[in-house]
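# What the coordinates show
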Amino acid sequence: MKRRGILYCILLLTLSLTILLLPATPVQSAASPQQVLLLYDSLAKGTFKDGNVTELQRLLAAYSTKVTLRSLDQYEQGMLKNYSRVIMVRNEADISITNKSYIEDWEYYQGQYLHIGYNPPASLTKALQLTTDVIYDGSAELEIGQFSGIQVKVQDMPYIVASQAVKSLGKLSFAEEGLQAPYAVSKGNDTYAPYFEQGNVSTLGMAYVLKDWLHITAAPKMYFAIKEIYPFSDLQLLAETGERLYQLGIPFLASVRPVFSNTDYPAMQRYLVAMKSVQSSNGSILVNAPVVMPTISSSDHTLKGKMNDFINLLAENGLGPLGVGAEMHWSYDKEYSEAGMSFFDSVVLYPDEQIDYMEQSDTSKSFPSSLYSVPLEFLQALHTSNKVIPQLPMDTVITVDMPEDERQLEEMLQSLERNWVSFADYKQEEHQVVTDQNTISSLDGMISINGQPLSLDYTPETVDSDYRYTEEQQKSFTRLFNIQNQFFIVVIMISLLLFGGLLMIGYRLYRRKFLK
């Protein structure tokens, strides 16, 4: 027995030493976003290529990429060596590169390079054995990924005549010329896509090119979102919209505008009630960026506190916002990206409608979850062999504005049914929102606030409209003024009686005098 006990002790000591001597496993940190230097020769304002650089920024954001944007004229010595991935957009065929710093740095660049548009550099032409030409006016049909038969009008469009590339991405067919050409080609570190415009299906082609170039392997998802929801919207119609989508089995996002004052008014309480109804109908809440007036002062730094308070208000009322919706330029503004978006790790970036920077930055803020947004009408331009719309290459959200009446609601629902889109549930993914008081998170369909699961069941409630909008002011000398008022009333009544009596006496004296 003693020998067996000694053996047990030796075994325990051996196991303990083994555990102590094992190398410690480092804690895995969140993967850093890929960084890209995006260069361009011209923004092509007023031409058919106007906006393609901005669209490229949105596509890169959808792949959670951190982008530094520079024109070739602004390029500084040594920038290339700080980036393993560089994109060059050449919108002008007759503009030569004259920046000596770039020319010198380019000679030694060894990273991943994507060239878009005219004038590919000699090194890329040699590596891909490129031959190119230009179609000045015509139409083409794009086939890429699971999409085919997508028509596009082209003007002054360079295309690939021949190449010794390893990989071809997509195919362009020119009916008038009887030509076919790859949409893009790549080999090793070099990729070339001759054509890209904003607002047509070349955006879809470029999305596939970027996914391949960035080596993105995650399966994309498609979501559905309702925008332009305000406290003064038809909140009853909003609740009905959520209920109808729930009946159709469509999970959705509701992008709600924040409220920064008068949050105790009945109108705000009704707004919160409507959001609870949306959340219970399998809807996920996004906090939409507030409308910022162009006259906002650069010294006004109250946005962060206001956003913090609004998110806390939602959490206190049983609502779990999971992301932020904003126009794309917000991610390139130092103040807006920090004060308005830093609470969130998930974002929906909408196309810019009105750009008003407070403190513009040339480097974007990136997010682990970033959705590329397109309007519902975009689906109608995609032709497939059946009614089922396949997934786009990046995480995408199909957006509609809040319906204004029953007719618009019916039209929206019918369009969704016609297109047979399979929408994902936003709260199934991992999202986190952190304020000074609350941590809101979601995973596998469950939302929690400060670690406590949030019940998504909700019983509609009525908001009492009997609300005193101004506080009753403190009254001084009220009793004295009341006594004074009563005294004057008595005096006036006595005076009237005396005056009436004098009139009667005068009348009688008058009659007696003239009747004699």
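Residues numbered from 1 in each chain as written. Predicted model: local features only at pLDDT ≥ 70, side-chain atom pairs only at ≥ 80, totals over all residues. Heavy atoms only, no water.

## Considering the overall build of the protein
Each helix and strand in the protein was counted, giving 11 helices and 20 strands. Considering only contacts in the protein between residues 6 or more positions apart, those separated by 24 or more positions represent 74%. Carbon and sulfur atoms make up 53% of the accessible area of the protein, which amounts to about 28,400 Å² in all. (Helix = DSSP H or I, 4+ residues; strand = E, 2+ residues; numbered from the N terminus. Contact = heavy atoms within 4.5 Å. Areas by Shrake-Rupley, 256 points an atom, 1.4 Å probe, with all protein chains shown as cover.)

## Looking at the sheet that holds strand β12 (residues 283-288)
Strands belonging to one sheet form pairs held by backbone hydrogen bonds; the direction of such a pair is parallel or antiparallel. The 7 strands are arranged β10-β11-β12-β13-β14-β15-β16 in a closed barrel whose pairing can be described as parallel. Averaged over neighbouring strand pairs, the angle between their axes works out to 35° when direction is ignored. Where strand β10 (residues 222-229) and strand β11 (residues 252-256) come together, 3 bridges link them in parallel fashion. For Ile-226, the partnering residue across the bridge sits in β11 and is Ala-254. Contacting β14 (346-350) and β15 (369-375), helix α2 (residues 52-62) runs over the sheet at an angle of about 135° to β15. (Pairing = 2+ DSSP bridges. Axes fitted to C-alpha atoms, helices over the stretch in contact; angles between N-to-C directions.)

## A word on the packing of α2 against helix α5 (residues 202-213)
At a minimum axis separation of 10 Å, α2 and α5 run at an interaxial angle of 45°. Classified by the angle their axes make, α2 and α5 are oblique. In this structure, the crossing between α2 and α5 has a hand that is right-handed. Judged by residue contacts, Glu-55, Leu-56, Leu-59 and Leu-60 of α2 engage Thr-203, Met-206, Ala-207 and Leu-210 from α5. For the contact of α2 with α5, the per-class residue count stands at 6 nonpolar, 1 polar and 1 charged. (Parallel < 35°, antiparallel > 145°, perpendicular 65-115°, else oblique. Left-handed = near helix turned anticlockwise from the far one by under 90°. Nonpolar A, V, L, I, M, F, W, Y, C, P; charged D, E, K, R; others polar.)

## A look at the pairing of strand β2 (residues 66-71)
The buried count for β2 comes to 5 of 6 residues, which makes it a mostly enclosed element. Bridge analysis of strand β1 (residues 35-40) against β2 gives 6 bridges, and the strand direction is parallel. Paired with Leu-37 across the bridge in β2 is Thr-68. Note that the unit made of β1, α2 and β2 has a crossover that is right-handed. (Buried < 20%, exposed > 50% of the residue type's maximum accessible area, 1.4 Å probe, protein only. Right-handed = clockwise from strand over helix to strand, strands pointing away.)

## Quick look at the environment of Lys-171
Assignment of secondary structure puts Lys-171 in strand β7 (residues 167-174). With relative accessibility at 29%, the residue Lys-171 sits in the partly exposed group. Each C-alpha atom of the pair Lys-171 and Glu-143 lies 5.2 Å from the other, and the pair is 28 residues apart in sequence. Contact partners of Lys-171, with chain neighbours within four places excluded, come to Glu-141, Leu-142, Glu-143, Gln-180, Ala-181, Pro-182 and Tyr-183.

## Focus on a nonpolar patch on the surface
A cluster of nonpolar side chains, namely Phe-487, Phe-488, Val-491, Ile-492 and Leu-496, defines an oily patch on the protein surface of about 500 Å² accessible area. In this fold, Phe-488 is placed in helix α11 (residues 478-515). (Patch = residues over 30% accessible without salt bridge, like charges linked within 9 Å, V, L, I, M, F, W, Y side chains within 5 Å. Salt bridge = Lys/Arg side-chain N within 4 Å of Asp/Glu carboxyl O.)

## A closer look at the layout of surface pockets
As a volume, the largest pocket reaches approximately 730 Å³. As for the largest pocket, its lining consists of 27 residues, of which Ser-64, Phe-367, Pro-368, Ser-369 and Asp-395 are closest to the centre. Counting residues per element, the lining of the largest pocket draws most heavily on β15, which supplies 3 residues. Per-class residue counts for the lining of the largest pocket are 16 nonpolar, 7 polar and 4 charged. Its volume calculated, the second largest pocket comes out at about 550 Å³. Mapped onto the lining of the second largest pocket, the elements with two or more residues apiece are α2 and β2. (1 Å grid on protein atoms, 1.4 Å probe; cavity = no way out; pocket = protein on both sides within 12 Å on 5 of 7 lines; lining within 4 Å. Points joined across faces, edges and corners; volume = space filled by probe spheres on them.)

## Quick look at the environment of Met-157
Relative to the assigned elements, Met-157 resides in strand β6 (residues 147-162). Along the sequence, Met-157 and Tyr-118 sit 39 residues apart, while their C-alpha atoms lie 8.9 Å from each other. The residues contacting Met-157, other than those within four sequence positions of it, are Asp-133, Val-134, Ile-135, Leu-172, Phe-174 and Tyr-195.

## Let's talk about the side chain of Ser-281
Turning to its location among the elements, Ser-281 is positioned in the loop between α7 (266-280) and β12. For Ser-281, a relative accessible area of 4% gives the class buried. Those residues in contact with Ser-281 that lie beyond four places of it in its chain are Gly-242, Glu-243, Tyr-246 and Phe-252.

## A word on unusual backbone geometry
One non-glycine residue, Asn-119, lies in positive phi territory at about 50°. Topologically, Asn-119 is positioned in the loop between β4 (112-117) and α4 (122-128). Under the relative-accessibility criterion, Asn-119 is labelled partly exposed at 33%.

## Considerations on the packing of helix α6 (residues 235-247) against α7
Contact geometry for α6 and α7: axes closest at 8 Å, N-to-C directions at 10°. Here α6 is positioned roughly parallel relative to α7, judged by the angle of their axes. Counting all contacts with α6, which are made through Leu-235, Leu-238 and Ala-239, the residues of α7 involved are Arg-270, Tyr-271, Ala-274, Ser-277 and Val-278. Class assignment for the residues of the contact of α6 with α7 results in 6 nonpolar, 1 polar and 1 charged.

## Some thoughts on the nonpolar core
Considering soluble globular proteins, one finds that nonpolar side chains tend to be buried as a cluster. If you look at the biggest cluster of nonpolar residues, it comprises 122 residues, and the most contacted ones within it are Leu-56, Ile-87, Met-206, Leu-210 and Phe-224. With residues up to four places along the chain from it excluded, the contact list for Met-206 reads Leu-56, Leu-59, Ile-116, Tyr-183, Ala-193, Tyr-195 and Phe-196. Counting residues in hydrophobic clusters, the runner-up holds 19 residues, among them Leu-37, Met-88, Tyr-109 and Tyr-113. (Core = buried A, V, L, I, M, F, W, Y, C linked by side-chain atoms within 4.5 Å.)

## A closer look at the sheet that holds β6
Strands sit in the order β2-β1-β3-β4-β9-β8-β7-β5-β6 across an open sheet of 9 strands; the sheet is mixed. Across the chains shown, the open sheet's two edge strands, defined by having one partner strand only, are β2 and β6. Averaged over all neighbouring strand pairs, the angle between strand axes comes to 25°, with direction disregarded. In the sheet, strand β5 (residues 131-144) pairs with β6 via 12 bridges, with the strands oriented antiparallel. Each bridged residue has a counterpart across the sheet, and for Asp-133 the counterpart in β6 is Tyr-159.

Worth remembering: the numbers are spatial, not functional.
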